[in-house]
Amino acid sequence: MLRVGVNGYGTIGKRVADALAAQPDMEVAGVAKTTPNFEAAAAHRRGYAVHAALDERRPAFDEAGIPVAGDLDDLVRASDVVVDCTPAGVGAQNRERYETHDTPALYQGGEDADAVDASFNARANYDEIAASDAEHVRVVSCNTTGLSRVLAPLEEAYGVEKTRATLVRRGGDPGQSDRGPINDILPDPVTVPSHHGPDVNTVLPDLAVDTMGVTVPATLMHLHAVNVTLETEADADAVSETLASESRVFVVPERARVAGPAHLKEYAKDAGRPRGDLWENCVWGASIAVEGRDLYFFQAIHQESDVVPENVDAIRALAGDADAAESVVKTNRALGVGSFETTRSETVTTDGRGAAASADD
Ligand SMILES: NC(=O)C1=CN([C@@H]2O[C@H](COP(=O)(O)OP(=O)(O)OC[C@H]3O[C@@H](n4cnc5c(N)ncnc54)[C@H](O)[C@@H]3O)[C@@H](O)[C@H]2O)C=CC1
Ligand SMILES: O=C(OP(=O)(O)O)[C@H](O)COP(=O)(O)O
């Protein structure tokens, strides 16, 4: 049993903790939280050992009646691996702390590529990371994960001459009432490329990809308009099959009449997904179009959850416990990733454990 600590218990951290708890080969060593708020209380109720991330805040936990299992060093000592889910930039500052304990760690996409030994995406470079000596590894950002999951199979099936993607980025997560914009459309960043193209190259080094970002007043999901010039000709049906055979890509059938992220979130909630999470890329089947070697499609990316199964796989890659296919199947089964059927007799399995990922079985 791998004991995994989670430092930073916000949008990503709380989902990663629950995903670890669902794995047959992992247990949550504990979580570290800065503030004894409702999320800390929920962590305690879920049975996670709550650690005070900052020593000076410990009395506040006592006052709030949330039992404290120890400090951050205690959590790192109790962990075989730490998943750092602190805000962007804080993870890099924590690296030294983990190194002091000789404990490998994962970091999130808000950290720079050069703050870590290597970057990870299960579809792109699991085996490479598993075979390497990397101990401090970054799971690439939500948008980068979403791009890597479709570009890796397209490269394998058809070759990718060039990718151009425009990322319509959500302004903040639903719980982040201090984010924006609330009435604007911002080139973000105004410079080209955005960080996503270069970040794709940290896991798929030879792939030609340019990205531009725009941030809009929305919270539910990101939306990508993707154009890939393939190296060989393909038709839309073949591309649709290629993408649908990926366990972490949901090709949304036209008959579902999903207009946008709001419908996708309802789809997930109706399916009984925890927190309405959509771990898979959601590619509109009707949008897949090919003209010559030019492929076009739209996909939506649930920023709060798509990196969660990737974190689980990255832990196994670090621990050297399974190869890519074994890990992905194990993770998918435990969470229910890939449980949206895209066949005509559409059935949605709400029992996460029973919902196997078709492509990897
Ligand atoms: N929310 C998103 O859409 C996604 C975020 N990421 C990345 O994941 C990382 C975490 O992001 P979120 O979960 O969204 O942030 P968040 O703000 O929701 O959660 C971060 C948590 O860490 C806590 N924290 C702050 N300073 C800390 C410290 N020194 N020690 C321990 N905990 C501390 C905060 O109180 C909060 O609970 C960032 O690198 C971000 O770029 C990656 C993919 C998607
Ligand atoms: O990893 C994310 O986005 P990104 O892939 O655009 O960097 C998350 O949505 C966090 O983005 P944020 O930096 O806007 O909070």
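Scroll up for the structure.
Residues numbered from 1 in each chain as written. Chains lettered and ligands numbered in written order. Predicted model: local features only at pLDDT ≥ 70, side-chain atom pairs only at ≥ 80, totals over all residues.

So, on to the site of ligand 2. In the vicinity of ligand 2, the residues found are Gly-109, Gly-110, Ser-141, Cys-142, Asn-143, Thr-144, Arg-169, His-196 and Gln-303. No other element matches helix 7 (residues 142-158), which puts three residues into the shell around ligand 2. Each residue belonging to the shell around ligand 2 can be placed in one class, and the counts come to one nonpolar, seven polar and one charged. (Near = placed C-beta within 6 Å. Helix = DSSP H or I, 4+ residues; strand = E, 2+ residues; numbered from the N terminus. Nonpolar A, V, L, I, M, F, W, Y, C, P; charged D, E, K, R; others polar.)

Moving on: the sheet that holds strand 4 (residues 70-71). With parallel pairing, the eight strands of this open sheet are ordered in space as 4-3-2-1-5-6-8-7. Looking at strand neighbours, the two that pair on one side only are strand 4 and strand 7 (118-120), the edges of this open sheet. Bridging between strand 6 (residues 105-107) and strand 8 (residues 136-139) involves three bridges; their strand directions are parallel. Residue pairing for strand 8: Leu-106 is matched across the bridge by Val-137. (Pairing = 2+ DSSP bridges.)

Okay, helix 7 next. Taking 1.5 Å per residue as the helical rise, helix 7 with its 17 residues ought to reach 24 Å, and the 24 Å between its terminal C-alpha atoms agrees with that figure. The buried fraction of helix 7 is high, at 13 of 17 residues. Just past helix 7, the residue Gly-159 takes up positive phi, approximately 80°. (Expected span 1.5 Å × (residues − 1). Buried ≥ 20, exposed ≤ 12 C-beta atoms within 10 Å, placed from the backbone.)

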